[in-house]
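# Residue-level structure breakdown
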Amino acid sequence: MEELTHFDQNGNAVMVDVSEKEETKRMAVARGVITVSRPVFQAVTEGTVKKGDVLGVAQVAGIMAAKKNSELIPMCHLLMLTSCKVEFIMHEEASQIEAVCTVKTVGKTGVEMEALTGVSVALLTIYDMCKAMDRGMVIGDICLVEKRGGKSGIYRREDECCD
């Protein structure tokens, strides 16, 4: 098991020094789901939610959140993202909306946190826009699915985190 890198020898929180690391192409994919009531699922699918285009707004919110990740998570580095995409998969049988966030950069540190933040805020936005119809929605199964780049190379989740 690797040691924790966000603490110095005295136990103080620190931002990891990446100045000596090489720049590489980096990519991360994260996903999560929100389980909603049948009426909410139908309204989102049909575009009849009173607050507007739920998935369109959630997509923009997820991208904005990924870009501002370093302002939200204290020890994360400010990264110049080269790509960020948020997509939705509708699971009608389960009345679930799955969000998938893919983030890319060329840099000295990875974009896992940006992808996870993008998914989280996209799902929170869906909750916010639909809460008048259903306050019992459940957000869950947020996980890193894949990451590439850096000295640790490729990581792919072995199990399906959003089933």
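## Some thoughts on the packing of helix α2 (residues 54-67) against helix α4 (residues 112-130)
Close contact between α2 and α4 brings their axes to 7 Å; oriented N to C, the two are set at 145°. The interaxial crossing formed by α2 with α4 has right-handed handedness. On α4, the residues that touch Val 54, Leu 55, Val 57, Ala 58, Ala 61, Gly 62, Ala 65 and Ala 66 of α2 are Glu 114, Thr 117, Gly 118, Val 121, Ala 122, Thr 125, Ile 126, Met 129 and Cys 130. Looking at the contact of α2 with α4, its residues break down into 12 nonpolar, four polar and one charged.

## Things to note about the environment of Gln 96
Secondary-structure assignment places Gln 96 in strand β3 (residues 96-107). In the structure, Gln 96 is positioned 38 residues away from Ala 58 in sequence and 15 Å away in space, judged by C-alpha atoms. Looking at Gln 96, its side chain comes within polar contact range of the side chain of Thr 35, at 2.9 Å.

## Some words on the nonpolar core
Counting 33 residues, the largest nonpolar core has Val 44, Phe 88, Ile 97, Val 103, Ile 126 and Cys 130 as the members making the most contacts within it. Breaking this core down by element, the ones donating at least two residues are β1 (24-35), α1 (38-46), α2, β2 (81-91), β3 and α4. The element contributing the most residues to this core is α4, with eight residues. Other than its neighbours up to four places away in sequence, Phe 88 contacts Leu 55, Ala 58, Gln 59, Ile 97, Glu 98, Ala 99, Ala 122 and Ile 126.

## Let's talk about empty space enclosed by the protein
Following the criterion strictly, the structure yields one cavity of 30 Å³ or more and no others. In this structure, the largest cavity encloses a volume near 40 Å³. Lining the largest cavity we find Ala 66, Lys 67, Lys 68, Asn 69, Ser 70, His 77, Leu 78, Leu 79, Leu 81 and Glu 114. Elements with a contribution of two residues or more to the lining of the largest cavity: α2 and α3 (69-72). Among the residues making up the lining of the largest cavity, the classes are represented as four nonpolar, three polar and three charged.

Conventions we followed
- Residues numbered from 1 in each chain as written.
- Predicted model: local features only at pLDDT ≥ 70, side-chain atom pairs only at ≥ 80, totals over all residues.
- Heavy atoms only, no water.
- Axes fitted to C-alpha atoms, helices over the stretch in contact; angles between N-to-C directions.
- Helix = DSSP H or I, 4+ residues; strand = E, 2+ residues; numbered from the N terminus.
- Left-handed = near helix turned anticlockwise from the far one by under 90°.
- Contact = heavy atoms within 4.5 Å.
- Nonpolar A, V, L, I, M, F, W, Y, C, P; charged D, E, K, R; others polar.
- Polar contact = N/O pair within 3.5 Å; in protein donor to acceptor, adjacent residues only side chain to side chain.
- Core = buried A, V, L, I, M, F, W, Y, C linked by side-chain atoms within 4.5 Å.
- Buried < 20%, exposed > 50% of the residue type's maximum accessible area, 1.4 Å probe, protein only.
- 1 Å grid on protein atoms, 1.4 Å probe; cavity = no way out; pocket = protein on both sides within 12 Å on 5 of 7 lines; lining within 4 Å.
- Points joined across faces, edges and corners; volume = space filled by probe spheres on them.

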